[in-house]
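# Secondary and tertiary structure notes
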Amino acid sequence: MVSIGLPTYNRAGTIQQTIDTLLAQTYRNFELIISDNASTDETEKICEEYAARDSRIRYIRQKENIGAAANFNFVLQEARGEYFMWACDDDLWEPDFIHDLVDLHTKNKQAVVSFCAFDNIAFSGEVLKCGEPVLFPEHETLNTYHRFKKFLLYKGGGNNYVYGIFKKTYLRDSEGFKQFDKIPVAYSSADTFFLLEMLLKGSFVSTSKLLWHKRCNMNDFKPERMVSSLSVFKDRKTFTRKVLHFIKTPYYALCFYSNVNSIIKKSTLSFYDCFS
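What counts and what doesn't
Residues numbered from 1 in each chain as written. Predicted model: local features only at pLDDT ≥ 70, side-chain atom pairs only at ≥ 80, totals over all residues. Heavy atoms only, no water. Buried < 20%, exposed > 50% of the residue type's maximum accessible area, 1.4 Å probe, protein only. Helix = DSSP H or I, 4+ residues; strand = E, 2+ residues; numbered from the N terminus. Right-handed = clockwise from strand over helix to strand, strands pointing away. Pairing = 2+ DSSP bridges. Phe/Tyr/Trp six-rings, centres within 6.5 Å; stacked < 30°, edge-to-face > 60°. Contact = heavy atoms within 4.5 Å. Axes fitted to C-alpha atoms, helices over the stretch in contact; angles between N-to-C directions. Parallel < 35°, antiparallel > 145°, perpendicular 65-115°, else oblique. Left-handed = near helix turned anticlockwise from the far one by under 90°. Nonpolar A, V, L, I, M, F, W, Y, C, P; charged D, E, K, R; others polar.

This next bit is on the pairing of strand 1 (residues 2–8). Buried residues dominate strand 1, accounting for seven of its seven residues. Here strand 1 shows no split at all, with Val 2, Ile 4, Leu 6 and Thr 8 on one side and Ser 3, Gly 5 and Pro 7 on the other all buried. Handedness of the β-α-β unit built from strand 1, helix 1 (residues 15–23) and strand 2 (residues 30–36) comes out right-handed. The sheet contact formed by strand 1 and strand 4 (residues 83–86) spans four bridges and is parallel. Counterpart to Ser 3 in the pairing with strand 4 is Phe 84.

The structure is reproduced here in structure tokens:
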């Protein structure tokens, strides 16, 4: 069975379409765990209606907002399946997403996570960016060192592997998305550190089929928005926030270095692994 963890917050406008594409999967043996982070819109009503119609859906509403990372970890802890995947509350999947990614696990016994090609779409459905070549193709053989190195040097959407399908056995001793004291969530790179931890457990494998559609804000892909986001002089509040983050950069770097170092120490990575 595949456990699908769907953390959500105030997504009444998109979650219906998201759930529909998950329920339309050709692979039928799954459970859908929806954790509502105390939404204040119609999300609760929509999810309860779906849960009443389909016994595979478990809807859980948090009493208060526990934060995004904790909500992601919560659905992982609730999972009962042999496989697990996180699902964003505004993304879409092709009908064969689960079937093809579980099939990759069947063919690649040592794989930690299976993934696919994807594109970026606007909330209107317009394609904003076509899929790039997958980072870890199915028949590529890399040792631990080279997997780690390839992921760190990759400038594309490597972090999106967090939305692939994981073998649950590799997640049992994982802390999931870690929180760092005094580091804002937007700067914490929790998904990156989680994937680095997984990279040291085994291989990542991907199909070149485009099976996932990641929703993004259309303005994020406009050149004027990209230039504007680089400016620290847009307004006083933006200037103050970015200057403070710049001052704190050494602290962030120290935390990140410490975390990466601890991940490597837990692994079997060695100097000789570089040459094997």
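Another point: the packing of aromatic side chains. Under the counting rule described, the total for this entry stands at 16 aromatic pairs. For the ring pair Trp 86 and Phe 166, a centre distance of 6.2 Å and an interplane angle of 75 degrees mean the geometry is edge-to-face. With a gap of 80 residues between them, Trp 86 in strand 4 and Phe 166 in strand 8 (residues 165–167) connect regions that are remote in the sequence. One exposure class covers both Trp 86 and Phe 166, and it is buried. Relative to Phe 194, the ring of Phe 166 lies with its centre 5.5 Å away and its plane at 65 degrees, an arrangement referred to as edge-to-face. In this pair, Phe 166 is assigned in strand 8 and Phe 194 in helix 6 (residues 190–199), connecting sequence segments 28 residues apart. Judged by its relative accessible area of 0%, Phe 166 falls in the buried class. According to the relative accessible area criterion, Phe 194 is buried, its value standing at 1%. Through successive ring pairs, a cluster of aromatic residues spans Phe 115, Phe 118, Phe 136, Tyr 161, Tyr 163, Phe 204 and Trp 212.

Of all the residues in helix 4 (residues 97–107), the buried ones are Phe 97, Ile 98, Asp 100, Leu 101, Val 102, Leu 104 and His 105. Looking at the buried side of helix 4, the elements it contacts are strand 1, strand 4, strand 5 (92–93), strand 6 (111–121), strand 8 and strand 9 (203–215).

With that out of the way, let us pick up the packing of helix 1 against helix 2 (residues 43–53). The contact between helix 1 and helix 2 brings their axes to 10 Å, and the two run at 25 degrees. The angle between the axes of helix 1 and helix 2 places the two elements in the roughly parallel class. Note that helix 1 runs across helix 2; the crossing there is right-handed. Only Thr 43, Ile 46, Cys 47 and Tyr 50 of helix 2 make contact with helix 1, whose side of the interface consists of Ile 15, Gln 16, Ile 19, Asp 20 and Leu 23. Considering only residue class, the contact of helix 1 with helix 2 consists of six nonpolar, two polar and one charged.

Because side chains alternate across strand 4, one face comprises the buried residues Tyr 83 and Met 85, and the other comprises Phe 84 and Trp 86, equally buried. Taken together, the three bridges between strand 4 and strand 8 define a ladder with antiparallel strand orientation. Bridged to Phe 84 within strand 8 is Phe 166.

Everything listed is a geometric property; what it means functionally is a separate question.
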